[in-house]
Amino acid sequence: MSFLKRWQFWLGLVISLVFLTLALRNLHLPLVWEAMKDAQYVWILPGVAVYFLGVWVRAWRWHYLLRPLKPIPTRVMFPIVAIGYMGNNIYPARAGEVLRAAVLKQREGVSISASLATIIVERIYDGVVMLAFVFLNLGELARLTHGSGVVGNLSIRDVALWGTAIFVGALLAFLLAAMFPRPAERLITWLVQHLLPARLRERVLDLALRFLSGLEALRSPLEALMIFVTTVIIWLLETGKYWFVMHAFSFEVSFFALMLMNGIVNLATTLPSAPGYVGTFDAPGIALLIAYGVPGEVAAGYTLVLHAALWLPITALGFYYYLRQPLRWGKEVEQMRREAPTVT
């Protein structure tokens with residue numbers, strides 16, 4: 001397992017270096033620094049405020065998904081969500097998702113398998129909304145040319161179509177499993193009994209059924225719609241941060257262009273990368289702004305500052321909350337690892 005973790009880290013580092021090289025290869029770096037030095041950083045403050053409001057809405061959404069398992073107030077969920085963001089930003093492979101499930105297990109006694117199910121549902125909804133942001137601006141994609149960089153050299157339409165098929169398909173599977181729990185349980189039991197060795201069946205089946213219990217919030221179509229609307233609000237608030245930070249620089253694009261940028265860069269960050277999504281966030285963001293006519297050095301300065309403004313405040317806040325009540329290492333964490341062996 002340690003070798004695998006090292007392998008993941010080095011693969012992510014290589015991918016990040018490739019993306020950074022592609023993003024900066026044709027830019028004059030002293031001019032990038034000038035754009036960053038001349039920025040009016042006071043605009044970052046309302047951007048951070050809007051972003052933290054979005055994190056609060058995320059905490060409410062997770063509270064809503066967990067409600068069938070255990071009603072936990074949003075004010076209790078907010079620090080745990082911040083800890084998860086901190087983990088995603090400093091560990092590879094989005095390990096913060098497992099970290100927040102482990103913290104929730106320690107503080108509130110919710111099964112890791114069930115809470116991970118709700119986290120996966122969150123990510124599927126996030127992916128669907130990100131793709132919706134892209135499709136809403138498909139007309140704008142025609143403006144991306146080969147000269148615009150990384151994004152222009154990719155068929156974003158094809159990526160969006162394949163991504164939609166994957167995310168919507170996964171969401172439909174979860175919705176069906178939630179609305180028809182008995183048939184889903186029978187199907188899972190049959191698959192486990194027929195596809196796995198006998199020594200693994202009991203343990204995997206127990207994990208799968210606890211995972212299935214984490215989908216209870218999706219049993220009502222109205223509640224599933226509520227989660228979707230909440231997800232749209234979350235990502236509109238995050239786009240609001242893009243908009244505020246833009247005003248610190250000497251360019252202007254439409255809010256819809258920033259929605260498109262938000263969708264593309266966040267879909268790109270699903271690729272393996274160094275911790276903090278170095279490169280995979282920056283390269284498509286810079287390329288897309290260049291396609292809108294923003295000078296490359298200004299686009300790079302804005303994207304790098306935006307990335308730092310997205311990374312630093314929530315990482316610091318999550319670290320603060322974690323230090324107030326860190327995980328208790330030892331037997332309890334070993335039990336958590338056994339409960340979620342496929343993700344740790």
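About the thresholds
- Residues numbered from 1 in each chain as written.
- Predicted model: local features only at pLDDT ≥ 70, side-chain atom pairs only at ≥ 80, totals over all residues.
- Heavy atoms only, no water.
- Phe/Tyr/Trp six-rings, centres within 6.5 Å; stacked < 30°, edge-to-face > 60°.
- Helix = DSSP H or I, 4+ residues; strand = E, 2+ residues; numbered from the N terminus.
- Salt bridge = Lys/Arg side-chain N within 4 Å of Asp/Glu carboxyl O.
- Buried < 20%, exposed > 50% of the residue type's maximum accessible area, 1.4 Å probe, protein only.
- pLDDT = per-residue confidence, 0-100.
- Contact = heavy atoms within 4.5 Å.
- Core = buried A, V, L, I, M, F, W, Y, C linked by side-chain atoms within 4.5 Å.
- Axes fitted to C-alpha atoms, helices over the stretch in contact; angles between N-to-C directions.
- Parallel < 35°, antiparallel > 145°, perpendicular 65-115°, else oblique.
- Left-handed = near helix turned anticlockwise from the far one by under 90°.

### Side note on the packing of aromatic side chains
Alright, step 1. Tallied over the full model, the rule gives 10 aromatic pairs.
Alright, step 2. Ring geometry for Trp-60 versus Tyr-64: centroids 5.0 Å apart, planes at 25°, classification stacked. Here Trp-60 and its partner Tyr-64 are both found in helix H3 (residues 44-66), four residues apart, which amounts to about one turn of the helix.
Alright, step 3. Through successive ring pairs, a cluster of aromatic residues spans Trp-56, Phe-78, Tyr-320 and Tyr-321.

### So, the pattern of salt bridges
Alright, step 1. Applying the stated rule across the entire model yields 10 salt bridges.
Alright, step 2. Among the ionic pairs, Arg-123 bridges to Glu-97, the shortest N-O distance being 2.6 Å. Note that Arg-123 is positioned in helix H6 (residues 112-136) and Glu-97 in helix H5 (residues 96-108), a separation of 26 residues in sequence.
Alright, step 3. Classification of Glu-97 as buried rests on a relative accessible area of 8%.
Alright, step 4. Between Asp-126 and Arg-123 there is a salt bridge, and its shortest N-O distance comes to 2.5 Å. A residue pair is termed a helical-turn pair when its members lie 3 or 4 positions apart in one helix, as Asp-126 and Arg-123 do in helix H6 at three residues.

### Things to note about unusual backbone geometry
Alright, step 1. The backbone phi angle of Tyr-277 is positive, close to 60°, even though this residue is not glycine.
Alright, step 2. Relative to the elements of secondary structure, Tyr-277 occurs in the loop between helix H12 (255-268) and helix H13 (282-291).
Alright, step 3. Overall, the relative accessible area of 16% leaves Tyr-277 in the buried class.

### Side note on the confidence of the model for the protein
Alright, step 1. On average, the protein scores 84 in pLDDT, and the residues at 70 or more come to 85%.
Alright, step 2. Note that residues 145-153 has pLDDT below 50 and, in this model, 18 contacts with residues that lie over four places away or in other chains.
Alright, step 3. Low confidence marks residues 340-344, where pLDDT is under 50. Its contacts with residues over four positions away, or in another chain, come to 10 contacts.

### Section: the environment of Arg-75
Alright, step 1. As for its position among the elements, Arg-75 is in helix H4 (residues 74-90).
Alright, step 2. Considered as a pair, Arg-75 and Ala-59 are 16 residues apart in the sequence and their alpha carbons are 7.9 Å apart.

### Concerning H13
Alright, step 1. In terms of burial, H13 is largely enclosed, as nine of its 10 residues are buried.
Alright, step 2. Listed as buried for H13 are Asp-282, Ala-283, Pro-284, Gly-285, Ile-286, Ala-287, Leu-288, Leu-289 and Ala-291.
Alright, step 3. One or two residues past the end of H13 sits Gly-293, with phi positive at roughly 90°.

### Description of the nonpolar core
Alright, step 1. Counting residues in hydrophobic clusters, the biggest one holds 79 residues, and the most contacted among them are Tyr-242, Phe-249, Phe-251, Val-253, Met-261 and Tyr-302.
Alright, step 2. In terms of residue count, helix H14 (residues 296-324) provides more of this core than any other element does, 11 residues in total.
Alright, step 3. Non-local contacts of Tyr-302, meaning those with residues more than four positions away in its chain, are made with Tyr-242, Val-245, Met-246, Phe-249, Phe-251, Leu-258, Met-261 and Leu-289.
Alright, step 4. Within the second largest apolar cluster, 19 residues are counted, among which are Ile-124, Ala-177, Leu-212 and Ala-217.

### A look at the packing of H6 against helix H10 (residues 198-213)
Alright, step 1. Following both chains from N to C, one finds H6 and H10 inclined at 50°, their axes separated by 7 Å at the closest point. Taken as axis vectors, H6 and H10 run oblique relative to one another. For the crossing formed where H6 meets H10, the hand is right-handed. Where H6 abuts H10, its residues Ser-113, Ala-114, Leu-116, Ala-117 and Ile-120 lie against Leu-207, Arg-210, Phe-211 and Ser-213.

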